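Breakdown of the fold
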Amino acid sequence: MVHCAHGRAGQVPPRPTGAGDTFQLFRDGRPRTRSSLVTETGQSRSTVAARIDALCAVGLLAPAGEATSTGGRPPSTFAFDPHNRIVLGVDLGATHARLAVTDLSGTPLTLLDEPLAIADGPEHVLSWVAEAGAKLVAQAGRDVGELAGIGVGLPGPVDHTTGRPASPPIMPGWDGTDVPAELHARLGAPVMVDNDVNIMALGEHRTVCPDVDDLLFVKVATGIGAGVILDGRIRRGAQGAAGDIGHVTVPGAADIPCRCGNVGCLEAVAGGLSIAQRLRDQGATVSGTTDIVDLVRAGDVAAGQAVRQAGRDIGSVLAASVSLLNPARIVIGGILAGAGEHLMAGIREVVYQRSLPLATQHLRIVGSGAGAQAGVVGAATLVTEQYLAPASVEALITTQEAS
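Residues numbered from 1 in each chain as written. Predicted model: local features only at pLDDT ≥ 70, side-chain atom pairs only at ≥ 80, totals over all residues. Heavy atoms only, no water.

Brief notes about the packing of helix H1 (residues 19-26) against helix H14 (residues 390-402)
The contact between H1 and H14 brings their axes to 7 Å, and the two run at 120 degrees. For the crossing formed where H1 meets H14, the hand is right-handed. Note on element contacts: H14 touches H1 through Pro390, Val393, Glu394 and Ile397, opposite Ala19, Gly20, Asp21, Phe23 and Gln24. Partitioned by chemical class, the residues of the contact of H1 with H14 number five nonpolar, two polar and two charged. (Axes fitted to C-alpha atoms, helices over the stretch in contact; angles between N-to-C directions. Helix = DSSP H or I, 4+ residues; strand = E, 2+ residues; numbered from the N terminus. Left-handed = near helix turned anticlockwise from the far one by under 90°. Contact = heavy atoms within 4.5 Å. Nonpolar A, V, L, I, M, F, W, Y, C, P; charged D, E, K, R; others polar.)

Here is the structure:
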């Protein structure tokens, strides 16, 4: 899997100074010899050898065969070993749970997709996640003691510094729950938590477009939200609320009450529940977002028109986001993205019409390429970016040397 470089063209990255920094060079998956590292880092041969030995000792590097000889004995090569530890990625939605065990590169080893109501509360949901996660680890032929960490995406606002949900509208009983502590007590691994759209943005970026530094990932389902990636990094804002476009007022929309307490919010106007209600008012039998997608795919005219109008409403909010952030790509995911071109056409129609030509000159608006796996891969990425960061690698080496 490609490691996302965060630098801009023309910038010279700092030279590695320690084993943690040296390790970052290996995250592109390319094997290296000691000599090539001497050239690449400017460090002495003895320093490079010591760094490689330390990284091998903690299992992050492993021998990768021999390089082509230019005369004499072929030099040994070393490469990142992503199989040394595993990660549990958890993507929780309003009515579903997706889990994956991945290696340290984010490649899924086992997957699970089951119905689960987030409204059942933290005790039930987190107990289920812990039990299902432990079984999934066993299915991968691994042990929970090998977990580098657990990444979790929740369908609501999350204080990223604490991992606690903050007044989530569709998660009754979850406000302030110490999700990291609850899961750590059950599985014994470090836990990182973010909102589900941020982790989907991370998953899409990692697997589909690692070379796109500036993108918005928009989830359109029961709720609507966006994950913001700028300069190759997820941006959460001061309290983690960046990207909460579902509660931006839609220009000219009716004063439809929203679950947040305001009226005319994008989620209340164009979310799955709103579309379903409008279709029921027209006599359709619709219980949720999946039924809407099924109707559109079956050629139902009213459903197609309703979804296209939802796309226009979403586009009216995204047009402001395009002017503010100037992304290179907008990726549309979530259940309603399965309605295909009806939703996409509505979004494109308004964004390209209302945004300045310079902002849309190279803008692409596309469906998610990662699909259902975006969330679990993103949740795993949340962990690996922390676990494999230079300071964390240095800490692993210090602990190894002290033991």
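Moving on, there is more to tell.
Digging into helix H9 (residues 289-297)
Turning to H9, its buried residues number three or more, namely Thr289, Ile292, Val293 and Val296. Viewed along the axis of H9, the buried residues span an arc of 95 degrees, placing them on a single side of the element. At its buried positions, H9 is contacted by helix H8 (272-281), helix H10 (301-325) and helix H11 (341-354). With its phi angle positive at about 90 degrees, Gly299 sits one or two positions after the end of H9. (Buried < 20%, exposed > 50% of the residue type's maximum accessible area, 1.4 Å probe, protein only. Arc of directions from axis to C-beta.)

Notes on the pairing of strand E7 (residues 147-154)
Among the eight residues of E7, eight are classified as buried, and the element is accordingly described as predominantly covered. Sheet topology note: the strand E4 (residues 86-92)/E7 ladder contains six bridges and is parallel. Within the sheet, the bridge partner assigned to Val90 lies in E7 and is Val152. Note: E7 against strand E10 (residues 191-195), five bridges, orientation parallel. (Pairing = 2+ DSSP bridges.)

Section: the nonpolar core
Counting 37 residues, the largest nonpolar core has Val218, Ile314, Leu318, Ile330 and Ile332 as its most contacted members. At the level of elements, strand E11 (215-220), strand E12 (224-230), helix H7 (266-270), H8, H9, H10, strand E14 (329-333) and H11 are the ones that each hand at least two residues to this core. Looking at this core element by element, the count peaks at eight residues for H10. With residues up to four places along the chain from it excluded, the contact list for Ile314 reads Val220, Ile224, Leu266, Ala270, Leu343 and Ile347. Listed in part, the 30 residues of the second largest apolar core include Val152, Val158, Ile170 and Leu187. (Core = buried A, V, L, I, M, F, W, Y, C linked by side-chain atoms within 4.5 Å.)

Remarks on the sheet that holds strand E2 (residues 61-66)
Hydrogen bonds between backbone atoms are what pair the strands of a sheet, whose relative direction is either parallel or antiparallel. Within the open sheet, the three strands sit side by side as E1-E3-E2. Their pairing is antiparallel. This sheet does not close on itself; its edge strands, each paired only once, are strand E1 (32-33) and E2. As defined by bridge partners, E1 adjoins strand E3 (residues 76-80) across two bridges and the pair is classed as antiparallel. The partner of Arg32 across the bridge, within E3, is Phe78. Lying over the sheet, H1 contacts E1, E2 and E3, oriented at roughly 90 degrees with respect to E3. Helix H3 (residues 45-57) contacts E2 and E3 of the sheet and is inclined by roughly 115 degrees relative to E2.

A closer look at the confidence of the model for the protein chain
In the predicted model, the protein chain carries a mean pLDDT of 90, and the fraction of residues at 70 or more is 94%. Least confident of the elements in the protein chain is E2, whose mean pLDDT is 85; most confident is helix H4 (residues 122-139), at 98. Every residue in residues 1-14 scores below 50 in pLDDT, and together they form 23 contacts with partners more than four places removed in sequence or on other chains. (pLDDT = per-residue confidence, 0-100.)

Description of the pairing of strand E6 (residues 108-115)
Of the strand pairs in this sheet, strand E5 (residues 96-103) and E6 are connected by seven bridges, and their pairing is antiparallel. Paired with Arg98 across the strands is Asp113, a residue of E6. Connecting E5 to the next strand, E6, in antiparallel fashion are four residues, including Gly106 with a positive phi near 90 degrees.

Remarks on the environment of Gly141
Within the secondary structure layout, Gly141 lies in the loop between H4 and E7. Under the relative-accessibility criterion, Gly141 is labelled exposed at 62%. C-alpha separation for the pair Gly141 and Pro390, spaced 249 residues apart in sequence, amounts to 29 Å.

What about the pattern of salt bridges?
The tally for this structure, following the rule as stated, stands at 19 salt bridges. One salt bridge connects Arg27 with Glu385, and the closest N-O pair in it is separated by 2.7 Å. In this pair, Arg27 sits in the loop between H1 and E1 while Glu385 sits in helix H13 (residues 374-387), placing the two residues 358 residues apart along the sequence. The exposure class assigned to Glu385 is partly exposed, which follows from its relative accessible area of 25%. Beyond isolated ion pairs, a larger network of salt bridges with shared partners links Asp28, Arg30, Arg32 and Glu40. (Salt bridge = Lys/Arg side-chain N within 4 Å of Asp/Glu carboxyl O.)

Topic: the packing of H8 against H10
Geometrically, a packed helix pair is captured by the angle between its two axes and the distance between the axes. Following both chains from N to C, one finds H8 and H10 inclined at 145 degrees, their axes separated by 10 Å at the closest point. Considering only the axes of H8 and H10, their crossing is right-handed. Contacts between H8 and H10 involve Ile275, Arg278 and Leu279 on the former and, on the latter, Ala302, Ala303, Ala306 and Ala310. A breakdown of the residues in the contact of H8 with H10 according to their chemical character gives six nonpolar, no polar and one charged.

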